[in-house]
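Listed below are the residues making up each chain.
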Amino acid sequence: MNESVLIYNALCLSAPDIEALIEGRMIVAMPRKLLNTGQKFALYPLDYSTNQLSIEQYYHPNFLPIAQNALTQLNSQSILLKPKQISLLKNEEQLKLPLLSHKTVLIKAWAKCERCQILDKTNNLDILSQLTIWKPEAFEAILQKQPHIFLAYLRVYHLPQLCEVAANPNIQEKLGKFVGLLNIGVSEAAPVLNDRTFAQRKHQLEKLEPPLHRELEELQSAIASLTISQPAAKQLDDDIKIFLGWSNGKLIKQPDPSLAWINDIAKLGNRSIELDEGKNNYQAGTDFENIARRSLDFLGFKVEENYKGGAGGLDLFCSQPYPLVCECKAGKSIPDRAVEELDRIGKRHLKENYLQAVRLIIGPGKPAKNLKQSAEISKISIINVMTLQKLVEFKAKYPGAINLVELQQYLEPGQIDYKIDEYIDQAEREIKLRSQIITVIKELSEQDNQNSKATHQSFTVTETRVHYNATHNPKLIDEVVHDLLIELSSPLTGYLGRIKSSNWNSDRFYFLRDLPIN
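Keep in mind the model is a prediction, meaning the values are calculated, not measured.

Q: Could you give me a rundown of the pattern of salt bridges, with the residues and numbers involved?
A: Taken as a whole and judged by the stated rule, the model has 19 salt bridges. Across the salt bridge formed by E206 and K202, the nearest N and O atoms sit 2.7 Å from each other. Taken as a pair, E206 and K202 lie in helix α6 (residues 195-206) at a separation of four residues, close to a single helical turn. Here the salt bridges do not stand alone but share partners, grouping E327, K329, R337 and E341 into one network.

In structure tokens, the structure reads:
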């Protein structure tokens, strides 16, 4: 729903709280009253001065630099007004009046309440503290004044443009409450978090599950404070936020909407989200089997239609380019019996051919010790659902990059997510090398443009190798460069053109198009 709607009020929160919501660092706020699900409002930033705790007592140490910067920005939002000079003296001398400061506030975002909980001291507030920016002392201070804490789950959206409003001089009294605004047009076109990420974060908070990567959160906070003065740190900061689920990140750029299913692979394997949608175990398992089948087919395997799971059935069997038997497990974790089930069902259906096949289990969570040991003994590979999604994303991004025969070498017994990551990293390095060779030809062409009027500025293998080795490591030899140039000038790739000569060392190559990499 991206059509514009009007909102007419704003929830007043401290500027650091709003900054954390806009960053995607957290998805909750603490209003003074119970909010209604579906309620929409702007987020009005306030100074922190009215809080009974010091800022150091209220926020986690790793968030303090961000909190202080948010307050500094808030307090700098003012304009100077020069009053009209008036004459109060008989000799018509003018009384010099001082410049007046008129404070304004910038509203950057609006929110929709997805749920509002009532918490008290019986809840695990220590875990809640770990999942938010607030120290446990913040909750204790609130519970000293009132019996409950209102915790609102907010789906936050960026405003299309900043909204500047005049500050109310008594606005600090409204912390946690609503104030009226002139109507603001908003839409859901720019959410801070996408649907899947928000659902995961909401589930984690509702179940009070501890954060998985506390040390990485500490690192991100340290880097975030550096981005204020060192913009070069921003890329690493963005990457960590994407990993932590604090940012939408860069999903696959999909010119073809039919590839949107790729972003659902991990979600369908992790049934904690499926349960929220009211699906039973059988339906959740079937949904994951279907998307796993689609994934393997997309990667280039020939998936045989005669095997479609069900009670006592083999979930997936691929016959080409090599036999592969696959068991799909949707849920919160892979059960210990999964290896024994695959062995039993596989032998029943494939008989002696089962032992010659690559055997694979795909499921969520981290395999238990017993499961990993059983998999190693039975020579069965285990990968996480997110690893499958990474492979498919990589294939979508670079359609020719997945070599299934090479991939087979990485399908070792046991948990092999790290091996698949190694394969993807190696493939990315190969793509990067080819992109660099194309860039070399392009740079040589640009250098030669001033001295040549030829239609295509073309270059030999040796010229290409010399230019590449001047700025890159490891160094390449002519034979390797020639092989790369031949590959990139193939009609099936079309990144370079080739002028064929009597011997390979005299072939010349010219630039046609870039190979962009992220």
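Next comes the rest of the account.
Q: Let's hear about the sheet that holds strand β11 (residues 316-320): which residues, and what values?
A: Across the sheet, six strands lie side by side as β10-β11-β12-β13-β14-β15; this open sheet has mixed pairing. The open sheet has two free edges, formed respectively by β10 (302-303) and β15 (414-415), since each of these has just one partner strand. Examined bridge by bridge, β11 and strand β12 (residues 324-328) share three bridges and lie antiparallel to one another. In the sheet register, L316 faces β12, and the bridge partner there is C326. Across the sheet, helix α12 (residues 338-350) is in contact with β11, β12 and β13 (358-363); its angle to β13 comes to roughly 135°.

Q: Account for the sheet that holds strand β16 (residues 459-460), naming residues and giving values.
A: Within the open sheet, the three strands sit side by side as β16-β18-β17. Their pairing is antiparallel. Where the open sheet ends on each side, the last strands, each with one partner, are β16 and β17 (496-499). Relative to strand β18 (residues 508-511), β17 is paired through four bridges, and the arrangement is antiparallel. By the bridge assignment for β18, R498 is matched with F509.

Q: Describe in detail the pairing of β12, supporting the description with residues and values.
A: Judged by how many residues are buried, β12 sits mostly within the fold: five of five residues are covered. With five bridges joining them, β12 and β13 adopt parallel strand pairing. Paired with C326 across the bridge in β13 is L360. Following the chain from β12 across α12 to the adjacent parallel β13, one finds a crossover that is right-handed.

Q: Describe in detail the nonpolar core, supporting the description with residues and values.
A: Within the largest apolar cluster, 60 residues are counted, with the highest numbers of intra-cluster contacts made by L296, L299 and L324. Broken down by element, the residue count for this core peaks at eleven residues, all from helix α16 (residues 417-448). Residue contacts for L299: discarding those within four places in its chain leaves L388, L391, V392, K395, I402 and L404. Within the second largest apolar cluster, 54 residues are counted, among which are A20, C113, I133 and A138.

Calculation rules
- Throughout this document, residue positions are counted from 1 along each chain, in the order its sequence is written.
- At least 70 in pLDDT is required for a residue's local features to be given in this predicted model, at least 80 for side-chain atom pairs to be given and counted, and no such filter applies to totals for whole chains, interfaces and linings, which use all residues.
- Excluding hydrogens and water, the side-chain values take into account all heavy atoms of the structure.
- We count a salt bridge whenever a side-chain nitrogen from Lys or Arg sits within 4 Å of a carboxyl oxygen from Asp or Glu.
- Put simply, DSSP H or I for four residues or longer makes a helix, DSSP E for two residues or longer makes a strand, and each gets a number counted from the N terminus.
- Strands pair, by our definition, only if DSSP identifies at least two bridges between them.
- Should any heavy atoms of two residues lie within 4.5 Å, those residues are counted as being in contact.
- Only the contacting stretch of a helix is used when fitting its axis, a line to C-alpha atoms as for every element, and angles between N-to-C directions run 0 to 180 degrees.
- For every residue, the accessible area obtained with a 1.4 Å probe (protein chains only) is divided by the maximum for its type, and the residue is called buried under 20%, exposed over 50%, and partly exposed between those limits.
- Whether a crossover is right-handed comes down to one check: with the strands pointing away from the viewer, does the path from the first strand over the helix to the second run clockwise; if it does, it is right-handed.
- Nonpolar cores are built from buried Ala, Val, Leu, Ile, Met, Phe, Trp, Tyr and Cys residues. Side-chain atoms within 4.5 Å join them into one set.

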